[in-house]
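Fold and geometry: a report
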Amino acid sequence: MNYFSSQIKAHTDPNFVDKTAVYLPSEHRFSTLSRSLSGYQGVDILSLTQNNDLIEGAYRQQLNQAYEQLLIDKPLPHACVLVAITDEPSPRLLLTRRASNLSSHAGEVSLVGGKRDETDRSSYEVAIREAFEEVGLVNDASTLLGFLPMQISKKGLLVRPVVASITPATADSLIASEDEIQRLFWADLTYLKTTPPMDYRFERPELGHTHLHTPAWLIDDRQIGKPEVVWGLTGRIIANLLHIGYGVRYQWYYHLQAHR
């Protein structure tokens, strides 16, 4: 709980713009999606403890109390990620696998993005700057579509997803930065909308004689000969995009099940 409080105090800035109004012409491919994002009326920070067996007891109570205070204080995000969707008849969503040598989230599947810098003036600017550093997306090559509610990462950071579209030509020009990204790949948006994530079982020795069950999409990638597993924070953000943007709801959970 003290961790949350210290992070919130460190990330207040009267000159920083978190969310802005977005107006797209009706003929734009994603005008309906953009209106759905703008019309969202729910909480702006999503709970980390709901349907989460990994958090229990007194710690769950502390986090829930901290969460209720977050809803009152309405703090700014600590980090922003870019949900980049290609503007084409069969849209694709950009995903990456982070480099294995990073100090944080090494080797994990993620959206492009990262922490705010003192020079950043908006959430969109954070997401675009990080996208340029990670995959070479230039700052004028995307169209802002809207924003999703903030998620709380497993380290307690408030993460703002920024949704934007890019042209197919721009998508094809992206190159992973070897310092930060092992590889980039794409998920078919129609597939995500029509195929519920599977109940995926992880072996977690640190949890004792239990398995971790959670939703995950297996994105078939022939380039590496095996599917990429999309779950965790990235999966939650995608599921939230599908719910708010398209009315497709998938329940998200982290359940522990004893070995049989």
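The shown structure was predicted, so the numbers you read here are calculated from the model rather than taken from an experiment. (Residues numbered from 1 in each chain as written. Predicted model: local features only at pLDDT ≥ 70, side-chain atom pairs only at ≥ 80, totals over all residues. Heavy atoms only, no water.)

**A few points about the overall build of the protein chain**
Short version of the rule: Helix and strand assignments come from DSSP, with helices taken as H or I runs of at least 4 residues and strands as E runs of at least 2, each series counted from the N terminus. The globule rule is 2.2 Å times the number of residues to the power 0.38, and the radius of gyration it is compared with is taken over C-alpha atoms. The buried label goes to any residue with under 20% of its type's maximum accessible area, the exposed label to any with over 50%, and the partly exposed label to all in between, with areas taken from a 1.4 Å probe on protein chains only. When checking whether two residues touch, look at their non-hydrogen atoms; a contact exists if any pair is within 4.5 Å. Residue burial considers only the protein chains on display, and all accessible areas are found by Shrake-Rupley using a 1.4 Å probe.
Helix and strand counts for the protein chain stand at seven helices and 12 strands. Over its C-alpha atoms the protein chain spans a radius of gyration of 18 Å, differing by no more than 12% from the 18 Å that the globule rule assigns to 260 residues. If you line up the protein chain on its principal axes, its C-alpha atoms span 50 × 50 × 35 Å. The buried share of the protein chain, reckoned over its 260 residues, is 50%. Of the contacts made within the protein chain by residues no fewer than 6 positions apart, 67% connect residues no fewer than 24 positions apart. About 13300 Å² of surface is accessible on the protein chain, with carbon and sulfur atoms providing 50% of the total.

**Observations regarding unusual backbone geometry**
Although it is not a glycine, Asn51 adopts a positive phi angle of roughly 55°. Position of Asn51 relative to the elements: it lies in the loop between helix 2 (31-38) and helix 3 (57-73). Of note in the backbone geometry, Lys74 takes a positive phi value of approximately 50° without being a glycine. Looking at the secondary structure, you find Lys74 in the loop between helix 3 and strand 1 (79-86).

**Here's the deal with the packing of helix 2 against helix 7 (residues 232-246)**
Our working rule: Lines are fitted to the C-alpha atoms to define the axes, a helix being fitted only along its stretch in contact, and any angle between axes, read from their N-to-C directions, falls within 0 to 180 degrees. An angle below 35 degrees is treated as roughly parallel, one above 145 as roughly antiparallel, one from 65 to 115 as roughly perpendicular, and anything else as oblique. Three categories are distinguished: nonpolar for Ala, Val, Leu, Ile, Met, Phe, Trp, Tyr, Cys and Pro, charged for Asp, Glu, Lys and Arg, and polar for the others, with Gly belonging to the last.
In the contact formed by helix 2 and helix 7, the axes pass within 8 Å of each other and the chain directions differ by 100°. In this view, helix 2 runs roughly perpendicular relative to helix 7, as classed from their interaxial angle. Only Leu241, Ile244, Gly245 and Tyr246 of helix 7 make contact with helix 2, whose side of the interface consists of Leu33, Ser36 and Leu37. Across the contact of helix 2 with helix 7, the residue classes tally to five nonpolar, two polar and no charged.

**Considering helix 2**
Here is the rule we go by: Directions are taken from the helix axis to each C-beta atom, and the arc is the one they span.
Where helix 2 is concerned, the buried positions are Ser31, Leu33, Ser34 and Leu37. When helix 2 is viewed along its axis, its buried side chains cluster within an angular range of 160° and face the same direction. Considering only its buried residues, helix 2 is in contact with strand 1, strand 5 (142-147), strand 7 (158-166) and helix 7.

**Observations concerning the environment of Thr143**
In this fold, Thr143 is placed in strand 5. Given a relative accessible area of 31%, Thr143 falls into the partly exposed group. C-alpha separation for the pair Thr143 and Asp87, spaced 56 residues apart in sequence, amounts to 9.6 Å. Other than its neighbours up to four places away in sequence, Thr143 contacts Leu24, His28, Tyr124, Val163, Ala164 and Ser165.

**Focus on helix 4 (residues 123-135)**
Note the threshold: Helix span, expected: 1.5 Å multiplied by one less than the number of residues in the helix.
The first and last C-alpha atoms of helix 4 sit 18 Å apart over 13 residues, in line with the 18 Å expected at 1.5 Å per residue. Looking only at helix 4, the buried set comprises Ser123, Val126, Ala127, Ile128, Arg129, Glu130, Ala131, Glu134 and Val135. In this structure, the buried side of helix 4 is in contact with strand 1, strand 2 (92-98), strand 4 (112-115), strand 5, strand 7 and strand 8 (181-188). Two residues or fewer past helix 4, Gly136 is found with a positive phi of approximately 80°.

**A short note on the confidence of the model for the protein chain**
What counts is decided by this rule: Every residue carries a pLDDT, the predictor's confidence in it, which falls somewhere between 0 and 100.
Summarising the model, the protein chain shows a mean pLDDT of 90, and 90% of its residues fall at 70 or more. For residues 1-10, every residue scores under 50 in pLDDT, and the model assigns this stretch 16 contacts once sequence neighbours within four places are set aside.

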